[in-house]
Amino acid sequence: PGSRALLVRTYLASNQPARALEAVQPLLASPQAADPSTQLLIAETYLANGQLKAASQHFDVASKSPQQQRLAQVRMGQIALASGDLAGGIRQLEEVTAQEGAPIQADLALIAGYTRSGDSAKALQVAQALVAKQPKSAMAYQVLGAVHGSRREYAAARTAFEKALAIDGAYLPAAAGLAQLDLAD
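These remarks concern the structure in this document.

What counts and what doesn't
Per chain, the residues get numbers from 1 upward, laid out in the order the sequence is written. Whole-chain, interface and lining totals are the exception, using all residues; otherwise, since this is a predicted model, local features are given only for residues with pLDDT of at least 70 and side-chain atom pairs are given and counted only at 80 or more. Side-chain descriptors were evaluated using all non-hydrogen atoms of the structure, hydrogens and water having been removed beforehand. Take a side-chain nitrogen of Lys or Arg and a carboxyl oxygen of Asp or Glu: if they are within 4 Å of each other, that pair is a salt bridge. Secondary structure elements are taken from DSSP: a helix is a run of H or I of four residues or more, a strand is a run of E of two residues or more, and numbering for both begins at the N terminus. Exposed residues in this analysis have more than 50% of their type's maximum accessible area, buried residues have under 20%, and partly exposed residues fall in between, with area computed by a 1.4 Å probe over protein chains only. Under the convention used throughout, the expected extent of a helix is 1.5 Å for every residue step, that is, one less than its residue count. By definition, residues are in contact when any of their heavy atoms lie within 4.5 Å.

Let us look at the pattern of salt bridges. Charged atoms that come close allow side chains of opposite charge to pair. Scanning the entire structure with this criterion turns up 6 salt bridges. One salt bridge in this structure joins R75 and E44, with 2.7 Å as the shortest N-O distance. Pair noted here: R75 is in helix α5 (residues 69-82) and E44 is in helix α3 (residues 36-48), with a separation of 31 residues, a long-range link. The pair R75 / E44 is uniform in exposure class, with both members buried. The salt bridge involving K64 is made with D60; its shortest N-O contact spans 3.2 Å. K64 sits in the exposed class, given a relative accessible area of 61%.

Our focus in this paragraph is α5. Residues that lie three or four places apart on an α-helix share one face, since the helix turns once every 3.6 residues. Spanning 14 residues, α5 covers 20 Å between terminal C-alpha atoms, matching the ideal 20 Å at 1.5 Å per step. Residues of α5 that are buried: A72, Q73, V74, R75, M76, G77, I79, A80 and L81. In this fold, the buried residues of α5 make contact with α3, α4 (52-62), α6 (86-97) and α7 (104-117). G84 sits one or two residues past α5 and shows a positive phi near 95°.

Bear in mind that shape data such as this cannot, by itself, settle questions of function.
Dropping the structure here:
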C-alpha cells in the first residue's frame, strides 16, 4: 500500500490524474483504505479527476481524523465553492481559518470565495490577517497586493507587491503584479 500511495502521489504531482485514478483503485479495496491519510489521497485523486461527489465523500471520511481534519475541511470548502455553493464554501472555510494553525490553503480559498461573492472588504480582511500570520512570506504580501488591486487601491497594491519583492526578489507573481500596475499607468 505504501508503494501504491507513492505511485498515486507521483502521478498527481506530474499532472497525470487519470493514471492516478487508475493506480488508486487497489487502495480502495485494501485495509489501508480505512487510514485517514489514504482517504485524503483517494479524495485528492477524485478531485484531480473532476469527480467532486466522490472526492467530497472521501474528504468527509478523512476529516474525522484530527491529523487530516483541517486539510480535508479546506478541500470540502473548495469543492463547495467550485460547485457554486458560495455561502456553504465560505462558511466551511471560515470555520477552518478560525482554528489555531489553520493551513494557508484555507486563507487563500477563503479570499477567493469572498472575491467571487463580491465581498472585497472581507477578502481584504483575510489577506491582512494572512500577512499578520506570515509577515515574512512574499506570497502573503503578493496576495494582499492582488486583493488591493481588485479593489482598485493601486497605491496599496504597489506597496504590497514591493514588500513581497523585498522579502524575495525573485518572486515572480509579485513582479508580475507590479508590471501590470506599470502597464495600467
